[in-house]
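What the coordinates show
What follows is each chain in one-letter form.
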Amino acid sequence: QVQLVESGGGLVQPGGSLRLSCAASGIIFSIYDMGWYRQAPGKQRELVAGITSGGRTNYADFVKGRFTISRDYAKITVYLQMNSLKPEDTAVYYCNADLPGRVVPYWGQGTQVTVSS
């Protein structure tokens, strides 16, 4: 079965950094687009960053220059390096896997990121 197992969330001070990891299984990783989404309390889930099967990246405007998405084909893992974190980054972050065209999305369990002093 498809599994997306996330790790790396936690509590960090404003300006700090975290690296989220998403270990995938049950998919042909090399053909899937991967992404990170987040959902804050009372808000809708939103795209944070995406990376295609070929390694092309895209970012939401609110994280450009601060976050970096990457994937390791050997480790079958996607990462989200988050720097210069702000309180408004506080949310549950979800790993996503889908075929091009958003055909059959899979989701991780979510990991809490809290940015607070």
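Note: the structure precedes this text.
About the thresholds
Residues numbered from 1 in each chain as written. Predicted model: local features only at pLDDT ≥ 70, side-chain atom pairs only at ≥ 80, totals over all residues. Heavy atoms only, no water. Helix = DSSP H or I, 4+ residues; strand = E, 2+ residues; numbered from the N terminus. Rg over C-alpha atoms; globule rule 2.2 N^0.38 Å. Buried < 20%, exposed > 50% of the residue type's maximum accessible area, 1.4 Å probe, protein only. Contact = heavy atoms within 4.5 Å. Areas by Shrake-Rupley, 256 points an atom, 1.4 Å probe, with all protein chains shown as cover. Disulfide = S-S within 2.5 Å. Pairing = 2+ DSSP bridges. Axes fitted to C-alpha atoms, helices over the stretch in contact; angles between N-to-C directions. Core = buried A, V, L, I, M, F, W, Y, C linked by side-chain atoms within 4.5 Å. Lys, Arg positive; Asp, Glu negative; His and termini not counted. Salt bridge = Lys/Arg side-chain N within 4 Å of Asp/Glu carboxyl O.

**Some points on the overall build of the chain**
Broken down by element type, the chain carries zero helices and 11 strands. Helices (α) and strands (β) of the chain occur, in sequence order from the N terminus, as β-β-β-β-β-β-β-β-β-β-β. Radius of gyration (C-alpha) of the chain: 13 Å, near the 13 Å computed for a compact globule of 117 residues. Counting the 117 residues in the chain, one finds 40% classified as buried. Counting only contacts in the chain whose residues sit at least 6 apart along the sequence, the fraction spanning at least 24 positions is 53%. Looking at the chain as shown, the accessible area adds up to about 6200 Å², and 50% of this sits on carbon and sulfur atoms.

**Re the state of the cysteines**
Covalent bonding between the sulfur atoms of two cysteines is what defines a disulfide. Taken as a whole and assessed by the stated rule, the structure comprises one disulfide. There is a disulfide in this structure between Cys22 and Cys95, and the S-S distance comes to 2.0 Å. Because the torsion about its S-S bond is -85 degrees, the bridge between Cys22 and Cys95 counts as left-handed. In this pair, Cys22 is assigned in strand β3 (residues 18-25) and Cys95 in strand β9 (residues 91-98), connecting sequence segments 73 residues apart. Among the residues examined, Cys22 registers a relative accessible area of 0% and is labelled buried.

**A few points about the sheet that holds strand β7 (residues 67-72)**
An order of β1-β3-β8-β7 is seen for the four strands of this open sheet, with the pairing classed as antiparallel. Across the chains shown, the open sheet's two edge strands, defined by having one partner strand only, are β1 (3-7) and β7. Within this sheet the neighbouring strands show an average axis-to-axis angle of 15 degrees, counted without direction. Note that β3 and strand β8 (residues 77-82) share six bridges and pair antiparallel. Its bridge partner lying in β8, Cys22 is registered against Val78.

**Description of the nonpolar core**
Counting 28 residues, the largest nonpolar core has Met34, Trp36, Leu80, Met82 and Tyr93 as the members making the most contacts within it. Where this core is concerned, the elements lending two or more residues are β3, β4 (33-39), β5 (46-51), β7, β8, β9 and β11 (111-115). Filtering out sequence-adjacent residues up to four positions away, Met82 remains in contact with Gly16, Ser17, Leu18, Leu20, Arg66, Phe67, Tyr93 and Val113.

**So, the side chain of Glu6**
Along the chain, Glu6 falls in strand β1. Buried Glu6, no salt bridge; nearest opposite-charge side chain is Arg45, N-O distance 7.9 Å. For Glu6, the contacting residues outside a window of four places in its chain are Ser21, Cys22, Trp36, Tyr93, Tyr94, Cys95, Gly108, Gln109, Gly110 and Thr111.

**As for the pairing of β11**
Covered by surrounding structure in β11 are Thr111, Val113 and Val115 only, the residues Gln112 and Thr114 on the alternate face being uncovered. For β9 and β11, the ladder comprises three bridges, and the chain directions are antiparallel. Note that in β11 the partner of Val92 across the bridge is Gln112.

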